[in-house]
Amino acid sequence: MADRVRIVFLGGLGEIGRNCAVIEQDNRLLLLDCGLMFPEVDMPGIDLVLPDFTYLRDNADRIDACLLTHGHEDHVGALSFLLREVSFPIYGSALTLGLARNRIEESGLMERTSLNALVDGERRRIGPFDVEVIPVTHSVPHGFATAFYTPQGVILHSGDFKLDLTPVDDRRTDLARIGAIADEHGIRLLLSDSTNAEEAGSTKSERSVGGVLHDLFAERAGQRIITACFASHLHRIQQIADAALASGRTIATLGRSMGKNVALAREMGLLRIPDDRLVDIEKIGDFEAGDVCVISTGSQGEPMSALALMAAGENKWLKIGEGDVVILSSHAIPGNEYDVNKVIDGLYRLGADVIHSGIADVHVSGHAQQEELKTLLSVAKPEYFIPVHGEFRHLIHHSRLAMQMGVARANVLLAEDGDVVELTDGAVDFVTEVPAGFLYVDGIVGDVAHGVLRDRRVLGEEGVVVVVVTVDSRTGEVVSGPEIITRGWVYAPEAEGLLEEARQAVRDSLKESAAEGATDFETVRRHVRQAAGRFVNERTKRRPMIVPLVMEV
Ligand SMILES: [Zn+2]
Ligand SMILES: [Zn+2]
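Source: prediction; values computed, not measured.

**Notes on the overall build of the protein chain**
- A count of helical and extended segments in the protein chain gives 15 helices and 27 strands.
- Reported as C-alpha extents along the three principal axes, the dimensions of the protein chain are approximately 85 × 75 × 45 Å.
- Across the 553 residues that make up the protein chain, the buried fraction comes to 55%.
- Summarising the internal contacts of the protein chain: among those between residues at least 6 apart in sequence, 72% fall at separations of at least 24.
- Total accessible area computed for the protein chain in this model is approximately 23,500 Å², and 49% of it derives from carbon and sulfur atoms.
- Taken together, the 55 basic and 83 acidic charged side chains of the protein chain have centroids lying 2 Å from each other.

What follows is the structure, given as structure tokens:
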């Protein structure tokens, strides 16, 4: 009987973001990606959401390494948090490591890890793990699919991928190699990207965006052009740069991550912009409007980003005005639509013309759609299938595609965060669960407890009523107060009558409890809370947070 192999899913199955899984073999752990998630609208004040690290912390001494599929934040962004607690080497393509390095370095954690570059097609032993990295196309260059050669057969993980037959760097998803592995060894289990499993057809090639940009730049001769896209989307940046250069423009980057990534990619030979056509943003005022192209961050409308500041008329280097053209070469991630719309509106208000993916084909997705997903399934011919990387509905749609493509219904596992799947000689099945809740980050504090979020939601929706009262500790009688301080419940100056009634309700309640001889601190506190809460609810049909502040003398 061959040794069993386990996969522990810590994130990314049930949400877009914080992708993180563990492969276990010979009692050792290999981490596959360690990403973050951007907060959703019901997480007020939260900066980031991370995978639950409990399982990794508990098994820290068994972790051999982390293997990164590509350099997106939802795959590498949590490393700078995990490395504070656990130390391990990291593997990935040179570019992926370069992108991941930024955050790790900023957090001062480089001595907690080592970065080990893998090249396309390389097969490497990492502890007991025998892995092969396979090129895939995606919206960041040099992504990998990964084949794990295990005692339980080959596990193939697609990584984030699409099947772009004409990628900007001519580096295609290596379907031939996947087919060869399937023929030679058979693929026991396929884990595949579900992001676009609801979308029929195939994604357009990244190259198609280049043509559209070219035409736009030609039409807008004489006008200043500002473009925005993801700072890691180097192929998009290359195509923007190509369109700019072809129309005789000089390029400047705007936004810290854009500057950093462009420098990194040029150093690595992945981005071609001649030295004399790239200038510092400070110099951009020296050029005629029609001779300029700015490539900026902020395509998701992030409030403090370069583009959002531009739209608010607050950017230090660029004042947007009549005649300017802003191209958003991106698509709003669900949850960001509001911010993006605000930025677009702000830009129009300043007199600019805005071109976005709703108007022109200035963006294509980096994730495979149904026909591409089916192609991978038909080439890999897996015995078992688990959809990964998606919200629950994406996972459902992807599992239906797998059944359509001939994977037996019983062999399609709908796993979610926290599930542990075990491969044994006879089966691939769920065995147990591990903690996989959201780890909230606010500022530098990790782990904002769930209660804090609940409080913030109540405060945000209903406000707070603080009742301050001093009572005699022997008799329970009110010595001074109650005073009522409120924020977000009623506008105090206009509600003096209402506040007086509330004070009276609290006073009456305390008189009752004193008469009953209930004078202990906790009881008094409870009476204050209940009396104030009942009054507020009955009179205003609202449920603000009630904070009783009882002092005893
Ligand atoms: Zn991803
Ligand atoms: Zn990605």
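What follows picks up the thread again.
**Some details on the sheet that holds strand β14 (residues 225-228)**
- Within the open sheet, the five strands sit side by side as β15-β16-β14-β17-β18. Their pairing is parallel. In this open sheet, the two strands that pair with only one neighbour each are β15 (250-254) and β18 (353-355). With strand direction ignored, the average angle separating the axes of adjacent strands in the sheet is 20°.
- Taken together, the four bridges between β14 and strand β16 (residues 292-296) define a ladder with parallel strand orientation. Bridge assignment links Ile226 to a residue of β16, and that residue is Val294.
- Across the sheet, helix α8 (residues 256-267) lies against β15 and β16, angled at about 125° from β15, the strand it touches most.
- Contacts from helix α10 (residues 337-349) reach β17 (325-328) and β18, with the element oriented near 145° to β18.

**Regarding the coordination of the zinc ion (ligand 2)**
- Bound to the zinc ion (ligand 2) are the protein donor atoms His70 (NE2), His72 (ND1), His138 (NE2) and Asp160 (OD), situated 2.1 to 2.3 Å from the metal.
- Coordination at the zinc ion (ligand 2) is irregular: its four donor atoms span angles of 88 to 167° at the metal.
- The motif formed by the donor residues of the zinc ion (ligand 2), counted along the single chain, is H-x1-H-x65-H-x21-D.
- The zinc ion (ligand 1) is placed at 3.3 Å from the zinc ion (ligand 2), the two being bridged by Asp160. Of this pair, His138 sits in the loop between β10 (129-136) and β11 (143-150) while Asp160 sits in the loop between β12 (153-157) and α5 (175-184), placing them 22 residues apart in sequence. The same class applies to His138 as to Asp160, namely buried.

**Some thoughts on the packing of aromatic side chains**
- One pass over the structure, following the stated rule, counts one aromatic pair.
- Its guanidinium or amino end placed over the ring of Tyr149, Arg123 lies 3.6 Å from that ring's centre, counting from NZ or CZ.

**So, the packing of helix α14 (residues 496-515) against helix α15 (residues 521-540)**
- As a packed pair, α14 and α15 sit with axes 9 Å apart at the nearest point and diverge in direction by 140°. The interaxial crossing formed by α14 with α15 has right-handed handedness. Residues Leu498, Glu501, Ala502, Ala505, Val506, Ser509, Leu510 and Ser513 of α14 form the contact with α15, whose own contacting residues are Val524, His527, Val528, Ala531, Ala532, Phe535, Arg539 and Thr540.

**Digging into the domain arrangement of the protein chain**
- Structurally, the protein chain comprises domain 1 (5-201 + 365-447), domain 2 (207-355) and domain 3 (463-552).
- Here the C-alpha centroids of domain 2 and domain 3 sit 56 Å apart.

**What to know about the side chain of Thr486**
- Position of Thr486 among the secondary structure elements: in strand β26 (residues 478-487).
- For Thr486, the side chain forms a polar contact with the main-chain oxygen of Val464, separated by 3.0 Å.

**Concerning the nonpolar core**
- Counting 33 residues, the largest nonpolar core has Leu31, Phe53, Leu79 and Phe88 as the members making the most contacts within it.
- Once you skip the residues sitting within four places of it in the chain, Phe88 turns out to touch Leu31, Ile63, Ala65, Cys66, Leu79, Leu82, Leu83, Arg112, Thr113 and Ser114.

**Some points on α8**
- With 12 residues, α8 should reach 16 Å at 1.5 Å per residue; the first-to-last C-alpha distance of 17 Å fits that figure.
- Listing the buried residues of α8 in full gives Met258, Asn261, Val262, Leu264 and Ala265. Buried residues of α8, viewed axially, fall in a sector of 165°; they line one side. Among the exposed residues of α8, those pointing more than 90 degrees away from its buried face are Arg256 and Glu267.

**Observations regarding the sheet that holds β10**
- In space, the six strands of this open sheet follow the order β9-β10-β11-β12-β13-β19, with mixed pairing throughout. Edge positions in the sheet fall to β9 (123-126) and β19 (384-388), since each has one partner strand and no second. Across the sheet, the axes of successive neighbouring strands diverge by a mean angle of 20°, strand direction being ignored.
- In the sheet, β11 pairs with β12 via five bridges, with the strands oriented antiparallel. The residue of β12 that forms the bridge with Thr150 is Gly153.
- Running over the sheet, helix α11 (residues 370-380) touches β12, β13 (187-193) and β19 and is turned about 170° from β13.
- Packed onto the sheet, helix α12 (residues 392-404) meets β13 and β19 and runs at close to 155° relative to β19.

**Describing α14**
- Helix length check: α14 (20 residues) gives 29 Å between terminal C-alpha atoms against 28 Å at 1.5 Å per residue, within 8%.
- Listed as buried for α14 are Leu498, Leu499, Ala502, Arg503, Val506, Ser509, Leu510, Ser513 and Ala514. Summarising the axial view, the buried residues of α14 lie within an arc of 155°, below the 170-degree limit, and thus occupy one face. In α14, the exposed positions angled more than 90 degrees off the buried face are occupied by Lys511, Glu512 and Ala515.
- Considering only its buried residues, α14 is in contact with β25 (464-471), β26 and α15.
- Gly517 sits one or two residues past α14 and shows a positive phi near 80°.

**Let's talk about the pairing of strand β22 (residues 428-433)**
- As defined by bridge partners, strand β21 (residues 419-423) adjoins β22 across five bridges and the pair is classed as antiparallel. Among the inter-strand pairings, Asp419 is bridged to a residue of β22, identified as Glu433.
- The hairpin formed by β21 and β22 contains four residues between the paired strands.

Cut-offs used in this document
Residues numbered from 1 in each chain as written. Chains lettered and ligands numbered in written order. Predicted model: local features only at pLDDT ≥ 70, side-chain atom pairs only at ≥ 80, totals over all residues. Heavy atoms only, no water. Helix = DSSP H or I, 4+ residues; strand = E, 2+ residues; numbered from the N terminus. Buried < 20%, exposed > 50% of the residue type's maximum accessible area, 1.4 Å probe, protein only. Contact = heavy atoms within 4.5 Å. Areas by Shrake-Rupley, 256 points an atom, 1.4 Å probe, with all protein chains shown as cover. Lys, Arg positive; Asp, Glu negative; His and termini not counted. Charge placed at Lys NZ, Arg CZ, Asp CG, Glu CD. Pairing = 2+ DSSP bridges. Axes fitted to C-alpha atoms, helices over the stretch in contact; angles between N-to-C directions. Donors = N, O, S within 2.8 Å, 3.2 Å for Na, K, Ca; no water. Tetrahedral: all angles 85-135°; square planar, octahedral: opposite > 155°, others 65-115°. Phe/Tyr/Trp six-rings, centres within 6.5 Å; stacked < 30°, edge-to-face > 60°. Lys NZ or Arg CZ within 6 Å of the ring centre and 35° of its normal. Left-handed = near helix turned anticlockwise from the far one by under 90°. Domains from an automatic or database assignment. Polar contact = N/O pair within 3.5 Å; in protein donor to acceptor, adjacent residues only side chain to side chain. Core = buried A, V, L, I, M, F, W, Y, C linked by side-chain atoms within 4.5 Å. Expected span 1.5 Å × (residues − 1). Arc of directions from axis to C-beta.

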